[in-house]
Amino acid sequence: FGISFTLTHLNQAGALVHVYQDGSIQINHGGTEMGQGLFQKVAQVAASRFGVGMDQIKITATDTGKVPNTSATAASSGTDLNGMAVQAACDTIRDRIAAHLAGVYRNDDIHFGDGCVSIGHDHRLSFVEAVQSAYAARVSLSATGFYKTPDIAWDRIAGKGQPFFYFAYGAACTEVVIDTATGENRILRSDILHDAGASLNPALDIGQVEGGFVQGAGWLTTEELVWDDHGRLRTHAPATYKIPACSDRPPIFNVALWDQPNPARTIYRSKAVGEPPFMLGISVLMALSDACAACGPHYPDLQAPATAEAVLAAIDRARGS
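Residues numbered from 1 in each chain as written. Predicted model: local features only at pLDDT ≥ 70, side-chain atom pairs only at ≥ 80, totals over all residues. Heavy atoms only, no water.

On to the sheet that holds strand β2 (residues 12-19). Overall, mixed pairing links the four strands, which are arranged β4-β3-β2-β8 in an open sheet. Two strands in the sheet have a free side with no partner beyond their single neighbour: β4 (57-59) and β8 (142-148). Across the sheet, the mean angle from the axis of one strand to that of its neighbour is 20 degrees, orientation sign disregarded. With five bridges joining them, β2 and strand β3 (residues 25-29) adopt antiparallel strand pairing. Note that in β3 the partner of Val19 across the bridge is Ile25. (Pairing = 2+ DSSP bridges. Helix = DSSP H or I, 4+ residues; strand = E, 2+ residues; numbered from the N terminus. Axes fitted to C-alpha atoms, helices over the stretch in contact; angles between N-to-C directions.)

Pasting the structure below:
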């Protein structure tokens, strides 16, 4: 699954970071939190850059009055873009504090970590003390950050260029059962290995893989679009359009992350993990197709969405009836 907006100019993000005298850090960036864990990951980036705890980080709701011209939180690029922008802003402030302390203590061996700032081997300040010292010396504790994805360019008309910064990979093996009399079916088991690079937050990423897989399975099995003779969409609401529910997930559901750093220069060498797992749901359709093929000597040609009616029709075709 290729990661980046194919409309090249959307691959950019901004951030605004403030550090206060009490050591708290406020962040605003161009990404929208919709339950995918974006704010958590970006907060982790900020905490890591300053070497402080997560309790000192506050992210405010996305506001174009603070960060203008934001790209959509889409294409699985929310953490890639906004995480890098926040890192740039944090590093600007951190470097200012470090330069100030290097001048005060005449030592440029400055390290941030464990809520403290170490100056060589002889001096150690709490992060709050370091911030207060910088403020007293009239050092700016506010910065903007900007990031644009490198090495990409895509000409849609000519169909030439490099549209993606990198690729995410995954593998899924799914077992299903079908009722040959009715076409009703169930997922019995799914085993997934997904590539999240050096995951920023494995718990969040595994949740994204699980949700993406179930959504993909629903897309290919139950989510049927039906139009009437006048071209009106009849499956327009949850009462008529069957989206997957918790009960549709396999009772045996094993998900693991391929935890290897991303070769591309992403935030902490992580990989996007929003949309890519959606494609793993294809394994459900393929398993259903194999199950239908086992019912007779003929190729069943099971079409998506593989509703109970579609499965029953494929069984009949496999049998030659």
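That covers the picture; the talk isn't over yet.
This next bit is on the packing of helix α1 (residues 38-50) against helix α2 (residues 78-105). Two elements in contact, α1 and α2, have axes separated by 9 Å at closest approach and are oriented at 25 degrees. Judged by the angle between their axes, α1 and α2 are roughly parallel. Viewed along their axes, α1 and α2 form a crossing whose handedness is right-handed. Residues Leu38, Lys41, Val42, Val45, Ala46, Arg49 and Phe50 of α1 form the contact with α2, whose own contacting residues are Gly78, Thr79, Asn82, Gly83, Val86, Gln87, Cys90, Asp91, Ile93 and Arg94. (Parallel < 35°, antiparallel > 145°, perpendicular 65-115°, else oblique. Left-handed = near helix turned anticlockwise from the far one by under 90°. Contact = heavy atoms within 4.5 Å.)

Below, the discussion takes up the pairing of β3. Most of β3 is tucked away: five of the five residues are buried. Burial along β3 is two-sided: Ile25, Ile27 and His29 and Gln26 and Asn28, pointing in opposite directions, are all buried. In this structure, the hairpin formed by β2 and β3 is closed by a connection of five residues, where Gly23 is found at a positive phi of approximately 90 degrees. Where β3 lies against β4, three bridges are found, and the strand directions are parallel. Within the sheet, the bridge partner assigned to Gln26 lies in β4 and is Lys58. For the crossover from β3 across α1 to β4, the handedness is right-handed. (Buried < 20%, exposed > 50% of the residue type's maximum accessible area, 1.4 Å probe, protein only. Right-handed = clockwise from strand over helix to strand, strands pointing away.)

Among the nonpolar cores identified, the biggest contains 50 residues, and Ile25, Ile57, Ile97 and Phe127 are the most heavily contacted of them. Among the elements that make up this core, the one with the highest residue count is α2 (ten residues). Beyond its immediate stretch of four places on either side in the chain, Ile25 contacts Val17, His18, Val19, Phe50, Val52, Gln56, Ile57, Lys58 and Phe127. Ala196, Ala291, Ala310 and Ile315 belong to the second largest nonpolar core, which has 27 residues in total. (Core = buried A, V, L, I, M, F, W, Y, C linked by side-chain atoms within 4.5 Å.)

What follows concerns the pairing of strand β7 (residues 123-126). Every other side chain in a regular strand lies on the same face of the sheet, so the side chains alternate between the two faces. Both strand β6 (residues 116-119) and β7 contribute to a ladder of four bridges, which runs antiparallel. Bridge pairing in β7 places Cys116 opposite Ser126. From the end of β6 to the start of β7, which pair antiparallel, there are three residues, and Gly120 there has a positive phi angle of about 60 degrees.

Further remarks concern the pattern of salt bridges. Throughout the structure, instances matching the rule amount to eleven salt bridges. In this structure, Arg94 and Asp95 form a salt bridge, with 3.7 Å as the shortest nitrogen-oxygen distance. Note that Arg234 is salt-bridged to Asp228, the shortest N-O span being 3.0 Å. When its relative accessible area of 42% is taken as the criterion, Arg234 is described as partly exposed. Shared partners join several salt bridges into a network, and the residues in it are Arg49, Asp91, Arg94 and Asp95. (Salt bridge = Lys/Arg side-chain N within 4 Å of Asp/Glu carboxyl O.)

With antiparallel pairing, three strands are arranged side by side in an open sheet as β5-β6-β7. Whereas interior strands pair on both sides, the edge strands pair on one side only; in this sheet they are β5 (110-113) and β7. Shown here is a sheet whose adjacent strand axes are inclined to one another by a mean of 20 degrees, direction ignored. Bridging between β5 and β6 involves four bridges; their strand directions are antiparallel. Within the sheet, the bridge partner assigned to Ile110 lies in β6 and is Ile119. Packing against the sheet, helix α3 (residues 127-136) makes contact with β5, β6 and β7, and its axis sits at approximately 90 degrees to β7.

Turning next to the state of the cysteines. Here the structure, examined in full by the defined rule, presents zero disulfides. Looking at the unpaired Cys116, the closest cysteine sulfur is the one in Cys90, lying at 18 Å. With relative accessibility at 16%, the residue Cys116 sits in the buried group. (Disulfide = S-S within 2.5 Å.)

Enumeration according to the criterion identifies five aromatic pairs in this entry. Between Phe164 and Phe167, the ring centres sit 5.6 Å apart and the planes meet at 70 degrees, which makes this aromatic pair edge-to-face. Among the residues examined, Phe164 registers a relative accessible area of 24% and is labelled partly exposed. Of the residues examined, Phe167 reaches a relative accessible area of 40% and is grouped as partly exposed. Where Phe165 meets Tyr166, the ring centres are 6.0 Å apart and the plane angle is 65 degrees; that geometry is what we call edge-to-face. Take Phe165 and Tyr166: they sit in the same class, and that class is buried. (Phe/Tyr/Trp six-rings, centres within 6.5 Å; stacked < 30°, edge-to-face > 60°.)

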